[in-house]
Amino acid sequence: NPSWGYDRIQGALANVGYHISDTTVGNVLKQHGIEPAPDRKRQTTWATFIKSHWDVLAAIDFTTIEVWTKGGLVTYYVLFVMELATRRIHFAGCTTSPDDVWMKQIAKDLTDPFDGFLLKTRYLLMDRDTKFSEAFRHILKDANVEPVRLPARSPDLNAHIERFHLSIKSECLERMIFFGEKSLRRAVDAYLDHYHEERNHQGLDNLIIKPGDEVGRDEGDVQCRERLGGLLRYYYRAAA
């Protein structure tokens, strides 16, 4: 309770049978390096911020992948957005040139008033990549989504989407060769179906994000569903 002063803490302690003076409360806090309430309120930690806004937080970030085209090997920038509380992922798009025009269209799509992925989002975590331009952030703000720009070289502050990038690369993208943008998009779409509907997530108590009716079934033959030629596999019991 970062806003509680010495008197309020004293009162709360009295509620549970501990009767001490507000001076004693102050001395204890000072011994542990905790400032008085007016100063303390200005020192919200990152962990406290995350916990306080967990249900309205999302994260956005790029990853890259090499794609063979008629002009040779080309780097594609692939943009994902994650709803942190649910770990739901949205494939925002991919391009070889994420310029300001492209980014502004992405912002408009994400904040569309009818089906935008960020409809329930209050804060969007992002690094200081110049692709997240002022114009991009302005469109977000107009839709009441506050861009939270993280300090430079601080991937741990956006660890959830960084972990997703590691998963999609190690389980899919780095194990394939892509010929053209369509093949990249097909692979990403297939992986996201697997990610949401078939993959157990340790960060969610080893559960599936969108489990089917077959999950937990203990009768019926065990079946295997394959995606991307068997690169991704899911085992389940067929209905008896």
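Structure: see above.
These notes cover the structure that comes with them. Note that the structure is a prediction, hence the values are computed from the model and not measured.

Rules used in this analysis
Residues numbered from 1 in each chain as written. Predicted model: local features only at pLDDT ≥ 70, side-chain atom pairs only at ≥ 80, totals over all residues. Heavy atoms only, no water. Helix = DSSP H or I, 4+ residues; strand = E, 2+ residues; numbered from the N terminus. Rg over C-alpha atoms; globule rule 2.2 N^0.38 Å. Buried < 20%, exposed > 50% of the residue type's maximum accessible area, 1.4 Å probe, protein only. Contact = heavy atoms within 4.5 Å. Areas by Shrake-Rupley, 256 points an atom, 1.4 Å probe, with all protein chains shown as cover. Salt bridge = Lys/Arg side-chain N within 4 Å of Asp/Glu carboxyl O. Core = buried A, V, L, I, M, F, W, Y, C linked by side-chain atoms within 4.5 Å.

Notes on the overall build of the protein chain
At step 1: Check the secondary structure of the protein chain and you find 8 helices and 9 strands.
At step 2: Since a compact globule built from 240 residues should have a radius of gyration of about 18 Å, the 23 Å found for the protein chain marks it as more spread out than a globular shape.
At step 3: Overall, the C-alpha framework of the protein chain stretches about 75 × 55 × 35 Å when taken along its three principal axes.
At step 4: Here the protein chain, with 240 residues, has 38% of them falling under the buried criterion.
At step 5: Of the contacts made within the protein chain by residues no fewer than 6 positions apart, 52% connect residues no fewer than 24 positions apart.
At step 6: Total accessible area on the protein chain stands at roughly 14,400 Å², and carbon and sulfur atoms take up 48% of it.

Here's the deal with the pattern of salt bridges
At step 1: Counting across every chain of the model gives 8 salt bridges.
At step 2: A salt bridge links Asp129 to Lys131; the shortest N-O distance between them is 2.8 Å.
At step 3: Through salt bridges with shared partners, one network takes in Asp193, Glu198, Arg225 and Arg227.

So, the side chain of His165
At step 1: Within the secondary structure, His165 sits in helix 7 (residues 159–171).
At step 2: Look past the residues within four positions of His165 in its chain and what remains in contact with it is Asp61, Phe62, Thr63 and Phe80.

Describing the nonpolar core
Most often, soluble globular proteins have nonpolar side chains that are buried together.
At step 1: Counting residues in hydrophobic clusters, the biggest one holds 33 residues, and the most contacted among them are Phe80, Phe164 and Leu184.
At step 2: Within the residue set of this core, elements represented by two or more residues are helix 4 (46–52), strand 1 (57–69), strand 2 (72–83), strand 3 (88–95), strand 4 (123–126), helix 7 and helix 8 (181–197).
At step 3: Considering every element that reaches this core, the biggest residue donor is helix 8, with 6 residues.
At step 4: In contact with Leu184, not counting residues within four places along its chain, are Ile65, Val67, Tyr76, Val78, Cys94, Leu173 and Phe178.
At step 5: Within the second largest apolar cluster, 19 residues are counted, among which are Leu79, Ile106, Leu110 and Leu118.

Some points on the environment of Cys172
At step 1: By the secondary structure assignment, Cys172 is in the loop between helix 7 and helix 8.
At step 2: Using a relative accessible area of 0% as the deciding quantity, one classes Cys172 as buried.
At step 3: Sequence-distant contacts of Cys172, defined by excluding residues within four places in its chain, comprise Ser167, Ala187, Tyr191, Leu228 and Leu231.

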